[in-house]
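In case you want the letters, here they are:
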Amino acid sequence: MEQAFLNNDYNAWLDLMEGKGRVTQVIDESNFARFAEAHQLAEEGNYDAADTIRQELGLRTRGSDGVGAGYRGGN
C-alpha cells in the first residue's frame, strides 16, 4: 500500500483496496495524487493539512467521527 502511495499508482492502490469502503467510490485516477498527498502529510504528522485535502475530496477527516478516521496512530 505504501508503495502505491509513494509511486502515485492508482491502479495498484485500487487492486489492494479490492473495492473496500466508500473511499474507493470517491477516489479515482483523477484525484488519487491529491489523496496520496493527504496520506503523506498524515504520515508526517501534519494532520490539519491532510484533513484539508480529505475534506476537499469529500472524505472523512480526523474530527468527523470522533476518532482517528483512518489515520494510523494519530489523534
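Residues numbered from 1 in each chain as written. Predicted model: local features only at pLDDT ≥ 70, side-chain atom pairs only at ≥ 80, totals over all residues. Heavy atoms only, no water.

Trainee: Tell me about the packing of aromatic side chains, and name the residues and values.
Mentor: For any pair of aromatic rings, the description consists of the separation of the ring centres together with the inter-plane angle of the planes. Per the counting criterion, the structure on display carries seven aromatic pairs. Centroid distance phenylalanine 32 to phenylalanine 35: 6.3 Å. Interplanar angle 55°. Geometry classified as tilted. Pair noted here: phenylalanine 32 and phenylalanine 35 are both in helix H4 (residues 32–43), with a separation of three residues, about one helical turn. When sorted by exposure, phenylalanine 32 lands in the same class as phenylalanine 35, which is buried. (Phe/Tyr/Trp six-rings, centres within 6.5 Å; stacked < 30°, edge-to-face > 60°. Helix = DSSP H or I, 4+ residues; strand = E, 2+ residues; numbered from the N terminus. Buried < 20%, exposed > 50% of the residue type's maximum accessible area, 1.4 Å probe, protein only.)

Trainee: Residues and numbers for H4, please.
Mentor: Relative to the 16 Å expected for 12 residues at 1.5 Å per residue, H4 spans 16 Å between its end C-alpha atoms, a close match to the ideal helical length. Here H4 has its buried residues at Phe32, Phe35, Ala36, Ala38, His39, Leu41 and Ala42. Against helix H1 (2–6), helix H2 (10–17), helix H3 (23–26) and helix H5 (47–57) lie the buried residues of H4. Downstream of H4 by a residue or two, glycine 45 has a phi angle that is positive, lying close to 90°. (Expected span 1.5 Å × (residues − 1). Contact = heavy atoms within 4.5 Å.)

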